[in-house]
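Per-entry structural report
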Amino acid sequence: MTNRRRDFLKLSGMGAIAAAVAGTVPNSSEAAEIVNPYSGPLPKKWDDDVDLVVVGGGGAGLCAALEAAQRGTKVLVMEKMPFIGGISAMATGNFYGADSVLQKEQAIKNATRDIWWQKLEAGEGLSEPLNRVRDNSMLSPVYYGITKRHPQLLKDITWEYPTLIDFLLKYGAKFLPLDQQYPFTHTVIRGYLPVVFGHVADDIRKAGGRLITDTRANKIYLDNNWKTAGIRAINAAGRTRNIKTKAILMASGSFVNNDYLIQRYMPYWATKGKVPSAFLFSDGGLFLNQETGDGITMGLEVNASVDDMAAGFKYKIAPKNRGDALVNGLALTRSPIIFVTPEGKRIYDDSQDYSEITMALIRSGGKYGFFVFDEGAMSTTGAKNFNFQGLVDSGTIFKAGTLREAATKAGVDPDGLQTTVDRFNKDFDEKGVDSVFGKKGPLFQKISQAPFYVSNKHYPVRFKTEGGLETDERTRVLDHRTVKPIDGFYAAGATNGSCSSRLGDSLQCGRMSGRYVAEDIEARKI
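Notes on the structure in this doc start here.

1. Examining the pattern of salt bridges
Counted under the stated rule, the structure contains 22 salt bridges. Between Glu67 and Arg511 there is a salt bridge; the shortest N-O distance is 3.4 Å. Separated by 444 residues along the polypeptide, Glu67 in helix 3 (residues 59-69) and Arg511 in helix 17 (residues 503-522) bring together distant segments of the chain. Assigned by exposure class, Glu67 and Arg511 land together as buried. With a shortest N-O distance of 2.8 Å, Asp294 and Arg216 are connected by a salt bridge. One end of the pair, Asp294, is in helix 10 (residues 294-301); the other, Arg216, is in strand 10 (residues 215-222), with 78 residues separating them in the sequence. By relative accessible area, Asp294 is classed as buried at 13%.

Encoded structure:
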């Protein structure tokens, strides 16, 4: 294991988890003559025999494995990285849903599932499921709302969401106090998601399940009746293993680092609109061999159908070389902050979702931008959860007694920024609304209280995709030819294109998928 990898595991809180689940794999067997036209010959001899192989030890895969294992299913979780948790363990920790125990305890109003589902259908203020332009005209209409072929799956997730919050609390998550301004947002305090996944992994093992790391699945076996027969994998030492199984549940993440799939389904973003994947940080970020679309690729090889592959990326803005990969998450949605270009000019209503502000930067032609705020923002929920003071100490955010001095330290035109902030503050005093981009409400506050803060350069990065394997409402992957389920083949999380790739939706999709697999095995449907 490299020093960089060890540092990542230590800083992300997952080192102990990685050590607990590390495993090895034996050599593979020779192939027999039974041939499915898509998956090829089956092995003469299998190296292992289980009920369910879960491909991917991230949040969705672990949740699925736990649900299945606790229902008596013989489960094997296979993770290609040396640690479990995936990008879910590095996530911002925002969960969007309704009728939770926390909302009820804190008397949050208008936070019902009916209202939340109406907002999902209308696409009100949400970037996932993505709002998309349908043609190439600058005046093209934008269609909002749910773009999935099987919205019933998302609706089922919405209605079961209260059980997800209960689940997270049970496994050790601690949440920030809810905010009536954002009635559907539940935010896990940073550092607790790796704890949750560690406890989940423990309970998988207690229920008889197994977890192996450093092992990458690379082929699905189907029999002549088009039923799932097994899966092939290879470990870090190059040894292969063929595993017989009744079911495969793909939860291997998105395809944000798969250049072929990006070129195939989103050619604009592979060339003219190319944006890098999230940078590798000293305290987190994506490894280049994460989120490579393995499950989607394996599914396509056995003629699986895909859904929403052209939806585009989920974007954020992040520093390039050091600092916190998630500084922008709650900063934009919970704090009175503005975002400016090197010239000190604003480009958007900076209280919007971080994907929206990133797209605004891309549309402007800018390569990077800067966050700007004053001492008043340091006491907000976002500043506390994201440890803004630690970012100041590390040099990710520059602090100074005057706005011009902070701008100079960060590399922003001090005159341009001062002009922007003066106009912004004047609008607050005289109009109560931002005259340039319409910003208003609690996040529209003057930037006038010294000291002042300006971040280092923050760049547009892609970190998630929305499309994946097409499934029905029971997360069964569909055959492209017949649009019927492939027996024993399931998908969850960001690999499931019929689900949203939002963190909470992915985890709940995994929980439901694990339950569905166990039910189908028990009923001998697979």
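2. Some thoughts on the packing of aromatic side chains
A full pass over the atoms with the stated rule returns nine aromatic pairs. Between Phe373 and Tyr453 the ring centres are 5.1 Å apart and the planes differ by 10°, which places this aromatic pair in the stacked class. Taken together, the residues Phe373 in strand 18 (residues 370-374) and Tyr453 in strand 20 (residues 452-455) connect sequence positions 80 residues apart. A single burial state applies to Phe373 and to Tyr453, both of which are buried. Judged by centre distance (5.0 Å) and plane angle (90°), the ring pair of Phe424 and Phe444 falls under edge-to-face. One end of the pair, Phe424, is in helix 16 (residues 414-430); the other, Phe444, is in the loop between helix 16 and strand 20, with 20 residues separating them in the sequence.

3. Examining the side chain of Thr471
Looking at the element boundaries, Thr471 is found in the loop between strand 22 (468-469) and strand 23 (476-478). One polar contact links Thr471 to Asn496, side chain to side chain, over a distance of 3.2 Å. Apart from the residues within four sequence positions on either side, Thr471 is in contact with His150, Leu153, Arg476, Val477, Leu478, Ala491, Asn496 and Ser498.

4. Thoughts on the nonpolar core
By size, the foremost hydrophobic cluster in this structure holds 56 residues, and its most contacted members are Phe95, Leu168 and Leu249. Of all the elements in the fold, those that place two or more residues in this core are strand 3 (48-55), helix 3, strand 4 (75-78), helix 5 (113-122), helix 6 (151-170), helix 7 (192-206), strand 12 (240-250) and helix 17. The residues contacting Leu249, other than those within four sequence positions of it, are Leu52, Val53, Val54, Val55, Ala64, Tyr490, Ala492, Ser513, Gly514 and Val517.

5. A few points about unusual backbone geometry
Residue Pro451 is reached from Ala450 by a cis peptide bond, and omega for that bond is 0°. When you line up the elements, Pro451 lands in the loop between helix 16 and strand 20. Positive phi, normally seen in glycine, also occurs at Trp226, with a value near 65°. Along the polypeptide, Trp226 turns up in the loop between strand 10 and strand 11 (228-235).

6. Comments concerning the sheet that holds strand 17 (residues 338-340)
By way of backbone hydrogen bonds, the strands of a sheet pair with one another, either parallel or antiparallel. In spatial order, the strands read 17-18-20-19; together these four strands make up an open sheet with antiparallel pairing. Every other strand in the sheet has two partners, leaving strand 17 and strand 19 (397-400) as the edge strands with one partner each. The mean angle between the axes of side-by-side strands here comes to 25°, regardless of whether they run parallel or antiparallel. Where strand 17 and strand 18 come together, three bridges link them in antiparallel fashion. The residue bridging Phe339 from the neighbouring strand is Phe371, located in strand 18.

7. Quick word on the pairing of strand 21 (residues 458-465)
In terms of burial, strand 21 is a largely internal element, eight of the eight residues being buried. Strand direction decides the pairing type here: strand 16 (residues 313-319) and strand 21, joined by seven bridges, are antiparallel. Bridge assignment links Tyr315 to a residue of strand 21, and that residue is Arg462.

Calculation notes
Throughout, residues of each chain are indexed from 1 in the direction in which the sequence is written. It should be noted that, the model being predicted, local features are given only for residues of pLDDT at least 70 and side-chain atom pairs only at 80 or more, the latter also being counted only at that level, while totals for whole chains, interfaces and linings use all residues. Remark: hydrogens and water are excluded; side-chain values derive from all non-hydrogen atoms of the structure. By definition, a salt bridge exists where a carboxyl oxygen of Asp or Glu is found within 4 Å of a side-chain nitrogen of Lys or Arg. Secondary structure elements are taken from DSSP: a helix is a run of H or I of four residues or more, a strand is a run of E of two residues or more, and numbering for both begins at the N terminus. Residue burial is assigned from relative accessible area. The probe radius is 1.4 Å, only protein chains are included, and a residue is buried under 20% of its type maximum, exposed over 50%, and partly exposed in between. Ring geometry is summarised as follows: Phe, Tyr and Trp rings, the Trp one being its six-membered ring, pair when their centres sit within 6.5 Å, and such pairs are stacked at plane angles under 30 degrees, edge-to-face over 60 and tilted between the two. By the criterion applied in these results, polar contacts are pairs of N or O atoms within 3.5 Å in which, for protein atoms, one can donate a hydrogen and the other can accept it, and in which residues neighboring in sequence qualify only through two side-chain atoms. Any two residues whose heavy atoms approach within 4.5 Å at even a single point are treated as in contact. What we call a nonpolar core is a set of buried Ala, Val, Leu, Ile, Met, Phe, Trp, Tyr and Cys residues that are connected through their side-chain atoms within 4.5 Å. Paired strands, as defined in this entry, are two strands with at least two bridges between them according to DSSP. Fitted lines through C-alpha atoms give the axes, limited to the stretch in contact for helices. The angle between two N-to-C directions lies from 0 to 180 degrees.

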